[in-house]
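Secondary and tertiary structure notes
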Amino acid sequence: AAVIIAAVVDGKPGLKILLGRMVRWRVGVGWYAIALGLPVVLTLATAGVHLLLGAPTALRFGTLSVLEPIIFVLVVGEELGWRGYALPKLLARESALAASLILGVLWGVWHLPTFFVPGAPQYGLPIPAFVILTMAYSILFTWVYLHARGSVLIATLLHGAINLSQGLLLGGLDSARQYWLLTAVYTVAALVLLVAVGPGLSRKPRAAA
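Residues numbered from 1 in each chain as written. Predicted model: local features only at pLDDT ≥ 70, side-chain atom pairs only at ≥ 80, totals over all residues. Heavy atoms only, no water.

1. A short note on helix H2 (residues 29–52)
The end-to-end C-alpha distance of H2 is 34 Å, a good match for the 34 Å that 24 residues give at a rise of 1.5 Å each. A maximum bend of about 35° is found in H2 at Gly37, where proline Pro39 lies one to four positions downstream. Within the sequence span of H2, burial applies to Trp31, Ala35, Pro39, Leu42, Thr43, Thr46, Ala47 and His50. Where H2 is buried, its residues touch helix H5 (127–147), helix H6 (152–169) and helix H7 (175–197). (Helix = DSSP H or I, 4+ residues; strand = E, 2+ residues; numbered from the N terminus. Expected span 1.5 Å × (residues − 1). Bend = angle between axes of the 7 residues up to and from the residue. Buried < 20%, exposed > 50% of the residue type's maximum accessible area, 1.4 Å probe, protein only. Contact = heavy atoms within 4.5 Å.)

So, in structure tokens, the structure goes:
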């Protein structure tokens, strides 16, 4: 959808810019570490909160299925839409925080059909928790995006690391409880980030992506 809209609305120059974000890899090794490591830290924090709240048994970690590495790669398509196309358009007219919250709601609602399809990843999960969670995700994604030169590659690594870390490290949690705990942890992380760097999500002036 992002590729089609970029081609229709912005023509070849816009399509070139969009696809260029997908291969933008010179962003500094630190942002690779954040993209891959932050989800692991926050997922472990969620597991720790679960234990502090009186988990009756030890955590039972999940297993890595064949599909999960494939999904890790395929989220590039989703990120090409969210961070490749939609976020730059929103940032052109909204603050970084407002753009993140708007995109977070859209991101959460986009998954809505999967909450009603048996066997889908979100089936039976609390919808309010998921939407709040995607809003918190989006704040972190925008922060990374602004510092990683608008790289869809880095956004894809962050998205994939979120999926993999939660599947592996939270495999033993009840699904509804898991999402509420994740929501709490990621919301706190987003609030801490906002306090640290402000609603612009960057201490540097925003540059054109």
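2. What about the packing of H5 against H7?
Running from N to C, H5 and H7 point in directions that differ by 35°, and their axes come no closer than 9 Å. Where H5 crosses over H7, the handedness of that crossing is left-handed. Packed against H5, whose contacting residues are Pro128, Ala129, Phe130, Ile132, Leu133, Ala136, Tyr137, Ile139, Leu140 and Trp143, the element H7 presents Tyr179, Trp180, Leu182, Thr183, Tyr186, Thr187, Ala189, Ala190, Leu193 and Leu194 at the interface. Residues belonging to the contact of H5 with H7 are distributed by class as follows: 18 nonpolar, two polar and no charged. (Axes fitted to C-alpha atoms, helices over the stretch in contact; angles between N-to-C directions. Left-handed = near helix turned anticlockwise from the far one by under 90°. Nonpolar A, V, L, I, M, F, W, Y, C, P; charged D, E, K, R; others polar.)

3. Side note on unusual backbone geometry
With a phi close to 60°, Arg149 is a non-glycine residue in the positive phi region. Looking at the element boundaries, Arg149 is found in the loop between H5 and H6. Judged by its relative accessible area of 47%, Arg149 falls in the partly exposed class.

4. Details of the pattern of salt bridges
Within the structure shown, the criterion is met by two salt bridges. The partner of Asp10 in a salt bridge is Lys89, and the shortest N-O contact between them spans 3.1 Å. With a gap of 79 residues between them, Asp10 in helix H1 (residues 2–22) and Lys89 in helix H3 (residues 67–91) connect regions that are remote in the sequence. Accessibility expressed as a relative area gives 38% for Lys89, which makes it partly exposed. As a salt-bridge pair, Arg83 and Glu79 come within 2.7 Å of each other at their nearest N and O atoms. Remark: Glu79 and Arg83 occur in helix H3; sequence separation between them is four residues, near one turn of the helix. Taking relative accessible area as the criterion, Arg83 reaches 1% and is therefore assigned buried. (Salt bridge = Lys/Arg side-chain N within 4 Å of Asp/Glu carboxyl O.)

5. Overview of a nonpolar patch on the surface
There is a patch of nonpolar side chains on the surface, built from Ile4, Ile5, Val8 and Val9 and spanning about 400 Å² of accessible area. Tracing the sequence through the fold places Ile4 in helix H1. Taking relative accessible area as the criterion, Ile4 reaches 58% and is therefore assigned exposed. (Patch = residues over 30% accessible without salt bridge, like charges linked within 9 Å, V, L, I, M, F, W, Y side chains within 5 Å. Areas by Shrake-Rupley, 256 points an atom, 1.4 Å probe, with all protein chains shown as cover.)

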